[in-house]
Amino acid sequence: NKLGEPCELSGDAAAAAAAANEEEEEEDSCAQTSQCFEHSCQYWDSKNGKDDAMCDRFGVSLAEYGCDCSGCACNSAVEAAEAQARRVEEAKAARVVEAAAA
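A brief look at the structure comes next.

Some words on the state of the cysteines
Then, in step 1: Enumeration over the complete set of coordinates arrives at 3 disulfides.
Then, in step 2: Note that C55 is cross-linked by a disulfide to C74, the S-S spacing being 1.9 Å. Its S-S torsion of approximately 95 degrees makes the covalent link between C55 and C74 right-handed. Residue C55 is found in the loop between helix 2 (41-48) and strand 1 (56-57), and its partner C74 is found in the loop between strand 2 (60-61) and helix 3 (76-101); the two are separated by 19 residues along the sequence. With respect to class, C55 is no different from C74; both count as buried.

Observations concerning the packing of aromatic side chains
Then, in step 1: In this structure the tally under the stated criterion is 2 aromatic pairs.
Then, in step 2: Ring centres of F37 and Y65 lie 5.9 Å apart, and the angle between their planes is 80 degrees; on these two criteria the pair is classed as edge-to-face. Of this pair, F37 sits in the loop between helix 1 (11-27) and helix 2 while Y65 sits in the loop between strand 2 and helix 3, and the two are 28 residues apart along the sequence.
Then, in step 3: Both rings, one in Y43 and one in W44, keep their centres 4.9 Å apart while their planes meet at 80 degrees; by these two values the pair is edge-to-face.
Then, in step 4: The class of W44 is buried, set by a relative accessible area of 13%.

So, the nonpolar core
Then, in step 1: Judged by nonpolar contacts, C30, C36, C41, Y43, W44, C55, L62, C67, C69, C72 and C74 together constitute the single largest core of 11 residues.
Then, in step 2: Excluding its chain neighbours within four sequence positions, the residues that come into contact with C55 are C41, D45, V60, S61, L62, C69, C72, C74 and N75.

Conventions used here
- Residues numbered from 1 in each chain as written.
- Predicted model: local features only at pLDDT ≥ 70, side-chain atom pairs only at ≥ 80, totals over all residues.
- Heavy atoms only, no water.
- Disulfide = S-S within 2.5 Å.
- Helix = DSSP H or I, 4+ residues; strand = E, 2+ residues; numbered from the N terminus.
- Buried < 20%, exposed > 50% of the residue type's maximum accessible area, 1.4 Å probe, protein only.
- Phe/Tyr/Trp six-rings, centres within 6.5 Å; stacked < 30°, edge-to-face > 60°.
- Core = buried A, V, L, I, M, F, W, Y, C linked by side-chain atoms within 4.5 Å.
- Contact = heavy atoms within 4.5 Å.

Geometric descriptors of this kind do not, in isolation, establish any biological role.
Quick look at the structure:
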């Protein structure tokens, strides 16, 4: 092996590396994989997440990095809270319209 060149894996080491790579790809199935540094939000949250309430990397929301974590399991609490806030706003707007019409 020359300095600076990668070593080639063979035999059991090559098979283990291939299996680990396949497993990683299977886990990385959430939406927008190309929008979060070539992986999904779930990938980063699983590797470095600290906050169970959001998709994060070392406690910083991946949304702050510009990642779209829609549909990812790590983002379910955030999406539920956003949906609830939208329902509250829609109900409030409907009451205002109703009151104006009366």
